[in-house]
Amino acid sequence: MPAMADEDTYLHMAVTPLPQDTFFPWLATSSGHLVFRPMWENLTTISPETGVSTILPQLAREWDVSPDASEYTFRLQEGVEMHHGWGEFTVKDVILTVDQQMSDPLAGCKSPLKKFMGYDSMTEMIDAGKMEVIDDYTFKMTLAQPQVDVADWWFNILVIPCAAVRSAAQHAAEGDAMFESGPAGTGAYQFVNRELKEFTEYEAVPYDHWRVNPEFKRMRISTTPEDLTRLALLLTGEANMVDVPKVLHQQAIDEGMEVFESPLPTVGLTIIPFGQYYVSEANWNPDSEPWAAPGETGRLVREAMNRAINREQIINELFKGRGEPMYNTIFHDTLEGWNPRWAEEFDEKYGYDPERAKELLDEAGFPGDNGQNRFFVEVWQSSLPGLPETIEVAQTVAQSLEEIGIDVKLVEVEFARALDAFRDLHDAHFVLPVRQTIRQINANARIYYYTGPTNPETGLPNGGVAYIEHQIYDDNYEALLRETDPAERNRLAQEMGDHIYDNYRTIPIVNLRSTLLVNPEEVLEYKFGSLTGVFGHLEYAKAAQ
């Protein structure tokens with residue numbers, strides 16, 4: 001075990017604001033959990049070097065899955081300390097965590113967890129005889145339906161909110177007040193202080209951590225909206241690691257700073273034309289939103305929107321050439337379902353061609369007034385940690401659509417507002433550049449393309465997040481939840497991908513290795529990536545001094 005870090009080592013990272021800045025973890029998405037990651041650990045995890053392809057033990061040292069993926073047995077690490085003297089980690093802490101994450105109807109974990117657990121909490125599963133606590137370090141779950149990705153996804157660091165473990169003993173003593181005073185977990189860092197929308201401060205635990213002793217004794221994560229302000233924090237020595245658009249990198253390099261890049265592509269930039277509600281048809285406006293129209297009309301309009309975008313210019317100018325083309329949203333050549341023809345045919349089907357885009361809009365029945373005023377669309381712009389360039393991309397998209405005769409209103413919003421529109425209300429009627437994390441097909445298919453069952457009280461679907469719907473996607477996603485044969489899984493995923501690609505359901509742009517600007521006199525090494533919000537594994541950052 002390495003020696004404890006020097007008291008003077010201080011890691012200060014400044015990032016774009018969180019989509020939800022809240023003390024209560026069940027109200028935050030994975031991106032909003034960036035500030036919880038240093039303190040809490042999950043049952044399983046990944047490595048930045050291997051990404052989603054390799055699932056590793058963390059608080060669960062091992063697990064067994066039945067052949068039909070309907071039963072899971074988890075065996076937990078023993079002797080792991082909770083912060084601030086709150087005792088040893090046990091199954092009780094897992095139960096408290098999952099119960100909390102399912103406690104609010106709007107919590108992102110509630111609906112998907114309930115679907116395969118069959119109940120509103122782990123406590124209810126236990127009462128119903130569907131979860132057995134065998135001892136303090138072992139539990140067995142019998143699911144309501146087969147689910148192949150419980151360990152790989154739902155209890156993994158990849159979807160941090162659902163099983164990022166905190167102390168049941170502390171909650172029994174303090175209630176929800178624990179989240180403001182210092183929520184105890186098992187991570188290598190423990191809570192010191194937090195000001196919402198400003199910063200969170202941490203310190204390395206004052207004992208040998210069971211997994212790693214951080215080289216930085218103290219740490220701070222600041223949320224700072226302005227790109228230039230974050231850059232100034234680095235250049236003036238107030239921060240030593242910042243997330244800024246790549247167009248600002250050279251200025252920092254000239255001042256002696258270095259660029260750290262993730263080992264693998266971690267995030268993608270894709271543009272979503274929302275409102276394509278082909279299954280639920282809830283809050284569906286195909287007449288006034290022609291990109292959402294069914295059949296050939298919508299396909300022609302979406303092809304035109306794709307051909308209006310100069311991807312090479314975006315990659316070279318906004319991302320300074322750091323990136324590889326994205327050929328199909330959520331799909332990647334390292335994941336199941338990949339079809340090589342998507343790359344081979346991309347220039348022919350998706351290539352930049354504004355004149356052809358205008359012809360396509362004419363064919364779709366939107367000639368406008370001499371090629372202008374064809375129809376109206378809002379382009380929303382917001383930024384997230386790990387992809388600060390989305391603001392500039394939104395502006396580029398708006399200009400590109402205007403150049404083919406579409407009337408555009410550019411709307412600047414906090415991402416939380418966009419999230420409410422397309423996740424909670426099923427009421428998104430705009431175009432939005434978003435960050436796509438490279439993760440398992442099951443996970444991303446649910447987020448982008450799954451309708452889910454309709455809530456009888458609201459008439460709205462409650463399964464997916466982005467809601468680009470089609471019956472093929474619903475059927476194939478449901479099949480992927482229980483299918484264990486690799487060949488059949490690949491076929492199901494590829495069938496979904498072919499339909500998305502051939503019908504221009506999204507506007508894919510670029511896959512990226514994430515970057516940070518770093519002061520090399522203070523930070524020697526930090527490997528990160530493959531997470532929503534990108535920045536995990538901070539406990540492994542190495543100090544230069």
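Residues numbered from 1 in each chain as written. Predicted model: local features only at pLDDT ≥ 70, side-chain atom pairs only at ≥ 80, totals over all residues. Heavy atoms only, no water.

**Student:** What exactly am I supposed to notice about the overall build of the chain here?
**Tutor:** When you go through the chain residue by residue, the secondary structure sums to 18 helices and 21 strands. Here the chain has a C-alpha radius of gyration of 23 Å; the compact-globule value for 545 residues is 24 Å, and the two agree. Along the first, second and third principal axes, the C-alpha set of the chain runs to 70 × 60 × 40 Å. The burial tally for the chain puts 61% of its 545 residues in the buried class. (Helix = DSSP H or I, 4+ residues; strand = E, 2+ residues; numbered from the N terminus. Rg over C-alpha atoms; globule rule 2.2 N^0.38 Å. Buried < 20%, exposed > 50% of the residue type's maximum accessible area, 1.4 Å probe, protein only.)

**Student:** Got a minute to help me understand the sheet that holds strand S4 (residues 60–65) in this structure?
**Tutor:** Sheet strands pair via backbone hydrogen bonds, and the direction of the pair is either parallel or antiparallel. Spatial strand order, S4-S5-S7-S6: 4 strands in an open sheet with antiparallel pairing. In this open sheet, the two strands that pair with only one neighbour each are S4 and strand S6 (131–135). In this sheet, adjacent strand axes meet at a mean angle of 15° when their direction is disregarded. Its contacts with the sheet place helix H1 (residues 91–101) against strand S5 (71–76), S6 and strand S7 (138–142), and it is angled at close to 155° to S6. (Pairing = 2+ DSSP bridges. Axes fitted to C-alpha atoms, helices over the stretch in contact; angles between N-to-C directions. Contact = heavy atoms within 4.5 Å.)

**Student:** Please clarify how the packing of aromatic side chains should be interpreted in this entry.
**Tutor:** Geometry of an aromatic ring pair is reported as the spacing of the ring centres plus the angle between the planes. Counting across every chain of the model gives 30 aromatic pairs. Pairing Trp-380 with Phe-430 gives two aromatic rings, centres 3.8 Å apart and planes at 10°, and the pair type is stacked. Of the two residues, Trp-380 sits in strand S15 (residues 376–381) while Phe-430 sits in the loop between helix H15 (415–424) and strand S17 (431–437), which places them 50 residues apart along the sequence. There is no split in this pair, since Trp-380 and Phe-430 are both buried. In textbook terms, an aromatic cluster arises when at least three aromatic residues are bridged by ring pairs, as seen for Tyr-327, Phe-331, Trp-338, Trp-342, Phe-346, Tyr-350, Tyr-501 and Tyr-504. The residue whose ring lies beneath Arg-220 is Phe-199, and the NZ or CZ to ring-centre distance is 3.9 Å. (Phe/Tyr/Trp six-rings, centres within 6.5 Å; stacked < 30°, edge-to-face > 60°. Lys NZ or Arg CZ within 6 Å of the ring centre and 35° of its normal.)

**Student:** Explain the side chain of Ser-400 here, please?
**Tutor:** Residue position: Ser-400 is located in helix H14 (residues 390–402). According to the relative accessible area criterion, Ser-400 is buried, its value standing at 9%. Within the structure, Ser-400 has its side chain in polar contact with the backbone oxygen of Thr-396 (distance 2.9 Å). Leaving out residues up to four positions away in the same chain, Ser-400 has contacts with Ala-308 and Ile-309. (Polar contact = N/O pair within 3.5 Å; in protein donor to acceptor, adjacent residues only side chain to side chain.)

**Student:** I keep staring at helix H13 (residues 354–363) and nothing clicks. Help me out?
**Tutor:** Each turn of an α-helix holds 3.6 residues, which means side chains three or four residues apart point in the same direction. Residues of H13 that are buried: Ala-357, Leu-360 and Leu-361. The arc enclosing the buried residues of H13, seen along the axis, measures out at 100°, which places them on a common side. Where H13 is buried, its residues touch helix H9 (295–307). Phi turns positive, to about 95°, at Gly-365, one or two residues after H13. (Arc of directions from axis to C-beta.)

**Student:** Which parts of the structure should I look at to understand the pattern of salt bridges?
**Tutor:** If charged atoms from side chains of opposite charge come close, those side chains can pair. Enumeration over the complete set of coordinates arrives at 31 salt bridges. Measuring nitrogen to oxygen at the nearest pair gives 3.1 Å for the salt bridge that ties Lys-110 to Asp-120. Residue Lys-110 is located in helix H2 (residues 110–117), and its partner Asp-120 is located in the loop between H2 and helix H3 (122–127); the two are separated by 10 residues in the primary sequence. By relative accessible area, Lys-110 is classed as buried at 17%. Overall, Asp-120 belongs to the partly exposed group, its relative accessible area being 27%. A salt bridge links Glu-345 to Lys-349, with the shortest nitrogen-to-oxygen separation between them at 3.1 Å. (Salt bridge = Lys/Arg side-chain N within 4 Å of Asp/Glu carboxyl O.)

**Student:** Quick question: what am I supposed to make of unusual backbone geometry here?
**Tutor:** Among all residues except glycine, the phi angle is most often negative; among peptide bonds, the trans geometry is most common. We note that Lys-197 has phi near 65°; this positive angle belongs to a residue other than glycine. Examined against the element boundaries, Lys-197 turns out to sit in the loop between strand S8 (189–195) and strand S9 (199–204). We classify Lys-197 as exposed; its relative accessible area is 60%. We note that Lys-320 has phi near 50°; this positive angle belongs to a residue other than glycine. Looking at where Lys-320 falls in the secondary structure, it is placed in the loop between helix H10 (311–318) and strand S14 (324–325). With relative accessibility at 49%, the residue Lys-320 sits in the partly exposed group.

**Student:** Before we go on, may I ask you to explain the nonpolar core in this structure?
**Tutor:** Leu-43 and Phe-74 are the most contacted members of the largest nonpolar core, which totals 158 residues. Considering each element in turn, this core owes the most residues, 6 residues, to helix H16 (residues 441–449). Those residues in contact with Leu-43 that lie beyond four places of it in its chain are Pro-57, Gln-58, Leu-59, Ala-60, Phe-74, Leu-76, Phe-89, Val-94, Phe-139, Phe-155, Ala-163 and Val-165. Counting 11 residues, the second-largest nonpolar core is a separate cluster that includes Ala-239, Val-242, Val-244 and Leu-517. (Core = buried A, V, L, I, M, F, W, Y, C linked by side-chain atoms within 4.5 Å.)

**Student:** Sorry if this is basic, but what is going on with the confidence of the model for the chain here?
**Tutor:** Any segment with low pLDDT has predicted coordinates that should not be analysed in fine detail. On average, residues of the chain score 92 in pLDDT, and 97% of them are at 70 or above. Every residue in residues 1–5 is under pLDDT 50, and counting partners more than four places away or in other chains gives 15 contacts. (pLDDT = per-residue confidence, 0-100.)

**Student:** What exactly am I supposed to notice about the pairing of S7 here?
**Tutor:** Note on strand geometry: in a regular strand, side chains alternate between the two faces of the sheet. As paired elements, S5 and S7 share 5 bridges and run antiparallel to each other. Counterpart to Thr-73 in the pairing with S7 is Lys-140. In the sheet, S6 pairs with S7 via 4 bridges, with the strands oriented antiparallel. Its bridge partner lying in S7, Met-131 is registered against Met-141.

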